[in-house]
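What the coordinates show
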Amino acid sequence: MIKVEVLGLPLFARDIPAAVALVVQGCLEAEGASPRCISATGAHGLVFAHANPDFHALLRRFYLNLPDGMPAVWVGRWKGARAMQRCYGPDFFAAVMEATAALPVRHFFCGGKEGVADRLREAVAEKFGNRNVVGTHCPPFRPLTDDEFAALGAEIDATGAHVVWIGISTPKQERFAAALARHTRARFIATVGAAFDFHIGAVPQAPAWVQRAGMEWFFRVLMEPRRLWRRYAGIVPAFIYLNLKERIFHPDRWRVNRSSS
């Protein structure tokens, strides 16, 4: 795997097909020792991790941190990872669903409001022809106890699921994934944020050109101003400032890494 560090976190420096290939290969291999956690991490997660060392350490232990937004991709490319592409969580989810539709790879959905995961199971069968969703779970809006995680892990293992998809929000979903990983034998646990709501049509996605321009955050603020304006009012300038600060005071971290190209 090729990775490049952005604000001290290793981000996957390839594209969605390469990430999907790793997941499919891992699911078809012999059972591993513990689940591999995958996050779709954008500017929000990177800035939050920079301010919270415990969360930063947690993401560094993940198997893959996919670059969910264009700003992180631009920084990665400036650091020499010329093949780096955006690995948008909803698109990664869709690509895995398509790639595993005819394979013996089973999926479990965890997250969203009551009924969302069940609606998503119907949506992936219709949109991607994938009927390998073997279970769903709607977690409560509070931290789970260790006993509750153990019960959820047992439920997942009883279905034989290979991939557990978590659709909550950052940083809750990554912490949820890390805690769940101690209680299940699933091959992968992937956190994909709003992908559940996007794929059932509950929340509109930004047009492709807006995503390519790195302005999806602005589109989402327009769609949900009360919930999101405070978040992005802090994240966007913080992301720019922290990367400029690193470029000025730690230029060694910005040397071109030919092995990432």
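Anything mentioned here points back to the structure above.
The structure presented is a predicted model; accordingly, all values stated were derived computationally and were not measured. (Residues numbered from 1 in each chain as written. Predicted model: local features only at pLDDT ≥ 70, side-chain atom pairs only at ≥ 80, totals over all residues. Heavy atoms only, no water.)

What follows covers the overall build of the protein chain. Check the secondary structure of the protein chain and you find twelve helices and eight strands. Here the C-alpha atoms of the protein chain give a radius of gyration of 18 Å, agreeing with the 18 Å that 2.2 N^0.38 yields for 261 residues. The principal-axis extent of the C-alpha atoms belonging to the protein chain is close to 50 × 40 × 35 Å. Put simply, the protein chain has 261 residues, and 52% of those count as buried. For the protein chain, contacts bridging at least 24 residues in sequence account for 74% of all contacts bridging at least 6. When the accessible area of the protein chain is evaluated, it comes to approximately 12500 Å², of which 56% is carbon and sulfur surface. (Helix = DSSP H or I, 4+ residues; strand = E, 2+ residues; numbered from the N terminus. Rg over C-alpha atoms; globule rule 2.2 N^0.38 Å. Buried < 20%, exposed > 50% of the residue type's maximum accessible area, 1.4 Å probe, protein only. Contact = heavy atoms within 4.5 Å. Areas by Shrake-Rupley, 256 points an atom, 1.4 Å probe, with all protein chains shown as cover.)

We now examine the pattern of salt bridges. For the structure shown, the criterion picks out eight salt bridges. With its nearest N and O atoms 3.8 Å apart, the salt bridge here joins R36 to E29. According to the relative accessible area criterion, E29 is partly exposed, its value standing at 34%. A salt bridge links D157 to R185, with the shortest nitrogen-to-oxygen separation between them at 3.6 Å. (Salt bridge = Lys/Arg side-chain N within 4 Å of Asp/Glu carboxyl O.)

Time to look at the pairing of strand 4 (residues 64-67). Within a regular beta strand, the side chains point alternately toward one face of the sheet and then the other, so they alternate between its two faces. Residues L64 and L66 line one face of strand 4 and the alternating positions N65 and P67 line the opposite face, and both faces are buried. Looking at chain direction, strand 3 (residues 36-41) and strand 4 are connected through four bridges and run parallel. If you follow I38 over to strand 4, its bridge partner there is L64. (Pairing = 2+ DSSP bridges.)

With respect to topology, six strands assemble into an open sheet ordered 4-3-8-7-5-6, the strand pairing being parallel. Pairing within the sheet leaves two strands with one partner each, and these edge strands are strand 4 and strand 6 (133-137). Recorded for the sheet is a direction-independent mean angle of 20 degrees between the axes of neighbouring strands. Across four bridges, the pairing between strand 5 (residues 107-111) and strand 6 is parallel. (Axes fitted to C-alpha atoms, helices over the stretch in contact; angles between N-to-C directions.)

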